Amino acid sequence: MEIKRENWGSRLGFVLAAAGSAVGLGNIWRFPYLTGENGGSAFILIYLVFVILIGISVMIAEFSLGRSTGLAAVGAIKTYSHRFTFVGAMGVISAFLIMGFYPVVGGWALAYILESVTGLYALSPEAIGDTFGNFITGATQPLIWMLVFLALNILIVAKGIKGGIEKAAKVLMPTLFILLIFISIRSLTLEGAGEGLSFLFRPDFSLVTGQTFLAALGQAFFSLSLGMGAMITYGSYLSKKETLPGNAVIVTVLDVGVALLAGIAMFPALFAFGMTPDQGPGLVFVVIPGVFAEMGGLGVLFGTIFFIALSVAALTSSISLMEVVVSYLIDQRDMQRKKAVYGTGVVMAIMSILASLSMGVFGPLPVLNVGVFDLFDILSDKVFLGLGGMFIAIVTGWVVNKETLRKELTNDGNKSFALFEVWHFLIKWIIPPAIFIVAIFGIIDIEETAVMLLGIAIVALLAIFSKKLH
Ligand code: TRP
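So, here's what we can say about the structure. (Residues numbered from 1 in each chain as written. Predicted model: local features only at pLDDT ≥ 70, side-chain atom pairs only at ≥ 80, totals over all residues. Heavy atoms only, no water.)

**A few points about empty space enclosed by the protein**
Overall, the coordinates contain 1 cavity of 30 Å³ or more when judged by the stated rule. In this model, the largest cavity occupies a volume close to 150 Å³. Mapped by element, the contributors of at least two residues to the lining of the largest cavity are α1 (11-22), α2 (25-37), α11 (210-224) and α15 (297-333). In terms of residue count, α15 provides more of the lining of the largest cavity than any other element does, 3 residues in total. Residues belonging to the lining of the largest cavity are distributed by class as follows: 11 nonpolar, 6 polar and no charged. (1 Å grid on protein atoms, 1.4 Å probe; cavity = no way out; pocket = protein on both sides within 12 Å on 5 of 7 lines; lining within 4 Å. Points joined across faces, edges and corners; volume = space filled by probe spheres on them. Helix = DSSP H or I, 4+ residues; strand = E, 2+ residues; numbered from the N terminus. Nonpolar A, V, L, I, M, F, W, Y, C, P; charged D, E, K, R; others polar.)

Here is the structure:
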């Protein structure tokens, strides 16, 4: 197929866009609250092991599948194996599931830009917590902000890969990074901050269960944008001159760096304010404003910039999720970009409305016993991404010819990749069973067994009907 694909404007453009996909609410909203709920440093340690042993290798695999075929997720996998076409389909479903709740949180971030300039930082830490609780359980405010967030996504993705994604990533990622360093310094210098540091860095393994491992694996995939073909799609746009392993390492280091920095920004302050670490999804929206409240007038300025940057980090991630679906519709269904974007946007809006209302207006779903928001979250990161990553590893390790991979990863022998054999061994022999074991122990331990089983049933059906898929 000799259709010319748009390429990234520059090397930096690609790294920033891939890092822009990876760095998002997963690092700044999700990582800290999961760490808090799972007892701190032991969770972080397991997460880091998964990132190094599984995450980087799967990212290299995704980049190779995308660049070697020049196709987005579904097309790339189909090129190598018809039997595994369902993995691409799983990716498209994952993108919808994540985009069924991500815009809700993106909307919270947008709303907090306005909160920042309308007196939030004049309140006490308790009042800041109440403000958040009242806001997210409301029926109209969070919906409006969520729709604004989704509309921004639609605008950017409709403009195509270069115009939108690259420009947005270039300016605001560095801003966010610098702000997090600044907040960390303030947080660390609060009275009583030391307890937060030991929570982050002194491992307590007594709290670790099978569920901790599954949560850490899900977080590794979620945060690195892996397991559903987003990085396959990005790789398909990458120039043949770039080295894939090098780019994967850079993206991973940036991503983990931001997550750890977010933890360092939040936990010292959290303990200093006398709060408990198990704040759940409200953590960043409660603790960070507390830190800004300690800064006087400057707090308003920094707070405003922080929530702008957080919103943009969320946007650069959500556009990559939307792009997975859109490029599937363009490549495999011959749809026009604009039409694909608008159709996708409508479905995501409906899902996100339900997810947002499940924070207050609707109770938990019958039988499954969780709200819609949690349902989408659990299905995506505890079932679809991990299993998706497992299948991507299987396709790469067992279906794709090893020499094809060697050529792709060394740019036809022009660049060296010293760890090629190690990488191939991990992808073929270690990663698939490792993910399988973590998934099994996670299911045994998890409270939401019904949700897990539902997810696995969907994956199984997809696999069985794989041949019928496009
Ligand atoms: N990694 C993003 C975050 O941390 C979320 C995300 C974007 C994502 N694209 C993805 C997660 C693809 C899984 C797969 O916020």
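**Thoughts on the site of the ligand**
Residues in contact with the ligand amount to 18 residues; listed here are only the nearest, A22, G26, Y102, F222 and S225. At a separation of 2.8 Å, an oxygen atom of the ligand approaches a polar backbone atom of G26. One nitrogen or oxygen atom from the side chain of N27 is found 3.4 Å from an oxygen atom belonging to the ligand. Relative to its free-state accessible area of 360 Å², the ligand is covered by the protein chains to the extent of 100%. The cavity where the ligand resides is the largest cavity. For the shell around the ligand, the class distribution of residues is 10 nonpolar, 8 polar and no charged. (Near = heavy atom within 4 Å. Polar contact = N/O pair within 3.5 Å; in protein donor to acceptor, adjacent residues only side chain to side chain. Areas by Shrake-Rupley, 256 points an atom, 1.4 Å probe, with all protein chains shown as cover. Sits in = over half its atoms within 2 Å of the grid points.)

**Quick notes on the side chain of N411**
Turning to its location among the elements, N411 is positioned in the loop between α18 (402-409) and α19 (420-445). Engagement of the side chain of N411 in a polar contact is seen with the side chain of R67, the distance being 2.7 Å. Apart from residues no more than four positions distant in its own chain, N411 is found in contact with R67, K240, K241, E242 and T243. (Contact = heavy atoms within 4.5 Å.)

**A few points about the pattern of salt bridges**
Applying the stated criterion across every chain yields a total of 8 salt bridges. Between R30 and D381 there is a salt bridge; the shortest N-O distance is 2.8 Å. With a gap of 351 residues between them, R30 in helix α2 and D381 in helix α17 (residues 372-399) connect regions that are remote in the sequence. Grouping residues by exposure puts R30 and D381 together as buried. A salt bridge links E421 to K402, with the shortest nitrogen-to-oxygen separation between them at 2.9 Å. Residue E421 is found in helix α19, and its partner K402 is found in helix α18; the two are separated by 19 residues along the sequence. Look at E421 and you get partly exposed, because its relative accessible area is 42%. Bridged by salt links that share partners, the residues K402, E403, R406 and E421 form one connected network. (Salt bridge = Lys/Arg side-chain N within 4 Å of Asp/Glu carboxyl O. Buried < 20%, exposed > 50% of the residue type's maximum accessible area, 1.4 Å probe, protein only.)

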